[in-house]
Amino acid sequence: QVQLVESGGGEVQPGGSLTLSCVASGNISRLVSMGWFRQAPGSQRDLVAAIGTNDNTNYADSVKGRFTISREDAKNTLYLQMDRLKPEDTGVYYCTADAHTSPTWKLYTYWGRGAQVTVST
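Since the model is a prediction, treat every value here as computed from it, not as a measurement.

Draft legend 1. Structural view of the packing of aromatic side chains. Applying the stated criterion to the full structure yields 2 aromatic pairs. Above the face of the Y94 ring, R45 is positioned so that its terminal group lies 3.6 Å from the ring centre.

Okay, here's the thing in structure tokens:
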């Protein structure tokens, strides 16, 4: 089993910044792709950003140029730097990771429990 724990959420004014972190723990053999999803109240969960093992990245159009995803595999940690935040960025941010686990090397997708981000005046 693999556990993902997000931190760094909170409330910020429009134009402000926050950094989310996600630490993976458990029977990890290798982390493959990782990403952040966002779910606003009454809406579906949508991809915000993703990063592969060679640091190739993918962003939702709404966050391009404002958010930066990165990973630190030595610490099994995923980050999301969020700048110039807007009220429409409000939502619960979920960390996700595809991971090979020991001892079977099977590949599964795991999710964290989410971190609330609120952007308001």
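Draft legend 2. Structural context of the pairing of strand β10 (residues 107-111). Here strand β9 (residues 91-101) runs beside β10; their pairing, made up of 5 bridges, is antiparallel. Each bridged residue has a counterpart across the sheet, and for D98 the counterpart in β10 is T109. Between β9 and β10, which follow one another and run antiparallel, lie 5 residues, and W105 among them has a positive phi close to 70 degrees.

Draft legend 3. Spatial organisation of the pairing of strand β7 (residues 67-72). Residues of β7 alternate between two faces, with F67, I69 and R71 buried on one and T68, S70 and E72 left unburied on the opposite face. In terms of strand pairing, β7 meets strand β8 (residues 77-82) through 6 bridges, oriented antiparallel. When the bridges of β8 are listed, S70 appears paired with Y79. Linking β7 back to β8 in an antiparallel pair, the connection comprises 4 residues, with N76 at a positive phi of about 50 degrees.

Draft legend 4. Quick look at the pattern of salt bridges. Following the criterion strictly, the structure yields 5 salt bridges and no others. Its salt-bridge partner being D89, residue R66 comes within 2.8 Å of it at the nearest N-O pair. Note that R66 is positioned in the loop between β6 (57-59) and β7 and D89 in the loop between β8 and β9, a separation of 23 residues in sequence. Judged by relative accessible area, which is 1%, D89 ranks as buried. Ionic pairing is found between K75 and E72, a salt bridge with its closest N-O pair at 3.8 Å. Given a relative accessible area of 53%, K75 falls into the exposed group. Bridged by salt links that share partners, the residues R38, R66 and D89 form one connected network.

Draft legend 5. Expanded view of unusual backbone geometry. Of note, the amide linkage connecting S102 to P103 takes the cis form, showing an omega dihedral of 0 degrees. Checked against the element boundaries, P103 lands in the loop between β9 and β10. The phi dihedral of N76 is positive, around 50 degrees, even though this residue is not glycine. One can find N76 in the loop between β7 and β8. The backbone of W105 sits at a positive phi, close to 70 degrees, despite the residue not being glycine. If you trace the backbone, W105 turns up in the loop between β9 and β10. The partly exposed category is assigned to W105, whose relative accessible area is 47%.

What counts as what
Along each chain, residues carry numbers from 1 onward, in the same order as the chain's sequence is written. Residues qualify for local features only when their pLDDT is at least 70, as the model is predicted, and side-chain atom pairs are given and counted only at 80 or more; totals for whole chains, interfaces and linings, by contrast, use all residues. No hydrogens and no water enter the side-chain calculation; it runs on all heavy atoms of the structure. Stacked, tilted and edge-to-face pairs are distinguished by plane angle, under 30 degrees for stacked and over 60 for edge-to-face with tilted covering the rest, among Phe, Tyr and Trp rings (Trp via its six-membered ring) whose centres lie within 6.5 Å. The criterion is that NZ of a Lys, or CZ of an Arg, lies within 6 Å of the ring centre and within 35 degrees of the ring normal, and then a charge sits over that ring. The pairing criterion is simple: DSSP has to find at least two bridges between the two strands. Where helices and strands are cited, they refer to DSSP runs of H or I of at least four residues and of E of at least two residues respectively, numbered from the N terminus. Accessible area is worked out with a 1.4 Å probe on protein chains only. A residue is then buried under 20% of its type maximum, exposed over 50%, and partly exposed in between. Basic side-chain nitrogens of Lys or Arg form a salt bridge, by our definition, when they fall within 4 Å of a carboxyl oxygen of Asp or Glu.

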